[in-house]
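# Working through the structure, step by step
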Amino acid sequence: MTVEIPKTETRSNWLRRPLTKNQIAYALNDVRFLPGLHDALLSRVDELGNRGYLRQEMRQLNSPDFYREFTPVEVFGRMKTGRLRGQHLVVLLELVRWREATARTRDIPRAHVLRDTDLQRLASHAPRSIGELSQMQ
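Residues numbered from 1 in each chain as written. Predicted model: local features only at pLDDT ≥ 70, side-chain atom pairs only at ≥ 80, totals over all residues. Heavy atoms only, no water.

Oppositely charged side chains may form a pair once their charged atoms are brought near each other. Under the definition given, this model contains 10 salt bridges. The salt bridge involving D118 is made with R121; its shortest N-O contact spans 3.8 Å. You can see D118 and its partner R121 sitting in helix α7 (residues 116–125), three residues apart, about one turn around the helix. Using a relative accessible area of 15% as the deciding quantity, one classes D118 as buried. (Salt bridge = Lys/Arg side-chain N within 4 Å of Asp/Glu carboxyl O. Helix = DSSP H or I, 4+ residues; strand = E, 2+ residues; numbered from the N terminus. Buried < 20%, exposed > 50% of the residue type's maximum accessible area, 1.4 Å probe, protein only.)

In this section: the environment of E132. Following the sequence through the fold, E132 ends up in helix α8 (residues 130–135). Each residue touching E132, except ones within four places of it in the same chain, is listed here: A126 and P127. (Contact = heavy atoms within 4.5 Å.)

We now examine helix α1 (residues 21–32). A rise of 1.5 Å per residue sets the reference length of α1, with its 12 residues, at 16 Å; its end C-alpha atoms lie 16 Å apart and thus fit the reference within 8%. Residues Q23, Y26 and N29 constitute the buried set of α1. Along the long axis of α1, the arc covered by the buried residues comes to 120°, so they all point the same way. (Expected span 1.5 Å × (residues − 1). Arc of directions from axis to C-beta.)

Turning our eyes to something else, we now look at the packing of helix α6 (residues 87–106) against α7. Relative to each other, α6 and α7 sit at 140°, their axes nearing to 8 Å. On the basis of their axis angle, the class for α6 and α7 is oblique. The two elements α6 and α7 cross, and the hand of that crossing is right-handed. Only D116, L119, Q120, L122, A123 and S124 of α7 make contact with α6, whose side of the interface consists of H88, V91, L92, L95, V96 and R99. (Axes fitted to C-alpha atoms, helices over the stretch in contact; angles between N-to-C directions. Parallel < 35°, antiparallel > 145°, perpendicular 65-115°, else oblique. Left-handed = near helix turned anticlockwise from the far one by under 90°.)

With the exception of glycine, most residues fall at negative phi, and the peptide bonds are largely trans. For the bond running from R17 to P18, omega is -5°, close enough to zero to count as cis. Relative to the helices and strands, P18 resides in the segment before α1. Here the phi dihedral of D107 falls at roughly 55°; this positive angle occurs in a residue that is not glycine. Checked against the element boundaries, D107 lands in the loop between α6 and α7. For D107, a relative accessible area of 69% puts it in the exposed group.

Function-wise, these values are silent; they only describe arrangement.
Quick look at the structure:
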């Protein structure tokens with residue numbers, strides 16, 4: 001069975017309260033069909049013989065550790081720093097701290113602020129002015 005759900009409220013203002021009747025109906029439709037979808041997907045997983053893989057994935061997704069926020073130092077520690085040395089590593093750490101704070105403030109993924117590769121490139125060139133920064137490609 002295929003169900004088409006209109007996306008009319010996707011871009012409405014979900015922060016404004018109270019929600020409109022259309023927003024509430026839209027939100028209900030987002031979850032109304034989940035039990036049937038769950039059963040259909042689980043049936044398909046069983047047909048493919050992948051229940052073990054699903055359990056493994058779900059164990060990870062259900063773990064609180066999977067969702068914990070990493071400190072900027074932890075994020076920095078997992079990055080590939082390549083040939084960066086000395087002061088360039090300090091610059092990279094400060095850029096990571098800035099990106100993490102910006103991502104949290106804006107509630108967006110860190111890569112939507114700047115990707116790791118962009119941070120590394122900035123750290124390796126360490127522009128000292130807006131002019132130098134704008135000349136980087």
